[in-house]
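Fold and contact review
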Amino acid sequence: MEILKVQNLCKTYGKGEAKVDALKNVSLTLNKGEFAAVVGESGSGKSTLLNCIGALDTPTFGSIIMDGQDLFSMKEEQRTFFRRRNIGFIFQSFQLVSELNVEQNIMFPLFLDHRKPDPTAIHDILGLLGLTDRRHHLPSQLSGGQQQRVAIGRALITRPKLILADEPTGNLDSKNSQDVIDLLTQASRRYQQTILMITHNNNLTASVDRVFRVSDGILTDLGGRANETLS
């Protein structure tokens, strides 16, 4: 089942001599349950791609279809509502609410959407993340790796159509980085959760289903489990 279809996506910043083509006719599709990674150097366009897919930035040209809905044919208010219901985000800097404990941070997207948390779902996610015994801890009482686990739980709780992970291991050491990738892989398998992750670390792509590379705004599909291709 196709969850995401990006067609001929272009993003241009500036005009004249200051013009920068950040994305050049990018096209890709993702099916339900796929865990895909986009690799590329800083400035290659991978963050711009993620921001456009997440409806945080507006493409100059092209279309993004998510679960049959054209994101940029929607009015802004409708698109904001759709994003809140259907797209989960995991950021490099965690972005947890310092005054809320682990459990409350995970449930926070539901509160924003005026939805009642399912205790069974909360318990299941805490177990998956290995945070059951820390459910009442504040972010300041957690390690960096634990904080990123909370951020993963927050993205999972709404069961979104797509999770976008923006350098989710960027602030972590190698062990915690691998732990985060393992958790994302487990989430993809257990919940049939579609995940698109950007990273500059080729070593973290061994277990994903598909790998894309962005270079100078051009996307190349490297195929499935293509870690050897990256070296």
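Before any of the text, the structure's been laid out above.
Below: a short report on this structure. (Residues numbered from 1 in each chain as written. Predicted model: local features only at pLDDT ≥ 70, side-chain atom pairs only at ≥ 80, totals over all residues. Heavy atoms only, no water.)

So, the packing of helix 3 (residues 102–112) against helix 5 (residues 144–156)
One can describe the packing of helix 3 onto helix 5 by two numbers: an axis separation of 7 Å at closest approach and a directional angle of 35°. Crossing of helix 3 over helix 5 shows right-handed handedness. Where helix 3 abuts helix 5, its residues V102, N105, I106 and P109 lie against V150, G153 and R154. Here the residues of the contact of helix 3 with helix 5 sort into four nonpolar, two polar and one charged. (Axes fitted to C-alpha atoms, helices over the stretch in contact; angles between N-to-C directions. Helix = DSSP H or I, 4+ residues; strand = E, 2+ residues; numbered from the N terminus. Left-handed = near helix turned anticlockwise from the far one by under 90°. Contact = heavy atoms within 4.5 Å. Nonpolar A, V, L, I, M, F, W, Y, C, P; charged D, E, K, R; others polar.)

What to know about the nonpolar core
Side chains of nonpolar character tend, in soluble globular proteins, to be buried together. Among the nonpolar cores identified, the biggest contains 38 residues, and I90, I106, I152, L156 and L184 are the most heavily contacted of them. For this core, the secondary structure elements donating two or more residues are strand 3 (35–39), helix 3, helix 4 (119–129), helix 5, strand 7 (162–166), helix 6 (174–191) and strand 8 (195–199). Once residues lying within four places of it in the same chain are set aside, the contact partners of I152 are I90, L129, V180, L183 and L184. V26, L49, L164 and V214 belong to the second largest nonpolar core, which has 28 residues in total. (Core = buried A, V, L, I, M, F, W, Y, C linked by side-chain atoms within 4.5 Å. Buried < 20%, exposed > 50% of the residue type's maximum accessible area, 1.4 Å probe, protein only.)

Brief notes about the environment of G224
Among the secondary structure elements, G224 is positioned in the loop between strand 10 (218–223) and helix 7 (227–230). Owing to a relative accessible area of 48%, G224 belongs among the partly exposed residues under this scheme. A C-alpha to C-alpha distance of 26 Å links G224 and A55, two positions 169 residues apart in sequence. Setting aside residues up to four positions removed in sequence, G224 forms contacts with D209 and R210.

Points about helix 5
Helix length check: helix 5 (13 residues) gives 19 Å between terminal C-alpha atoms against 18 Å at 1.5 Å per residue, within 8%. Within helix 5, 11 of the 13 residues are buried, which leaves the element mostly enclosed by the surrounding structure. Considered for burial, the residues of helix 5 that qualify are G145, Q146, Q147, Q148, V150, A151, I152, G153, R154, A155 and L156. The inward-facing, buried residues of helix 5 contact strand 6 (87–91), helix 3, helix 4, strand 7 and helix 6. (Expected span 1.5 Å × (residues − 1).)

Looking at the pairing of strand 7
Within strand 7, four of the five residues are buried, which leaves it mostly tucked inside the rest of the structure. Note that strand 6 and strand 7 share five bridges and pair parallel. Its bridge partner being in strand 7, I87 is matched across the sheet by L162. One ladder, built from four bridges, connects strand 7 with strand 8; its direction is parallel. Within strand 8, the position partnered with I163 by the bridge is I195. Viewed along the sheet, the connection from strand 7 through helix 6 into strand 8 turns out right-handed. (Pairing = 2+ DSSP bridges. Right-handed = clockwise from strand over helix to strand, strands pointing away.)

Some details on the sheet that holds strand 10
The strand order 6-7-8-3-9-10 describes an open sheet built from six strands, whose pairing is mixed. The open sheet has two edge strands, strand 6 and strand 10, and neither has a second partner. For this sheet the average axis-to-axis angle between neighbouring strands, irrespective of direction, equals 20°. Sheet topology places strand 9 (residues 210–215) next to strand 10; five bridges connect them, and they run antiparallel. When the sheet's bridge partners are listed, S215 is paired in strand 10 with I218. Across the sheet, helix 6 touches strand 3, strand 6 and strand 8, and the angle it forms with strand 3 is around 140°.

With respect to unusual backbone geometry
Phi is positive for N8, close to 50°, though the residue is something other than glycine. Take N8: it is sitting in strand 1 (residues 2–13). We note that Q95 has phi near 55°; this positive angle belongs to a residue other than glycine. Following the sequence through the fold, Q95 ends up in the loop between strand 6 and helix 3. For Q95, a relative accessible area of 45% puts it in the partly exposed group.

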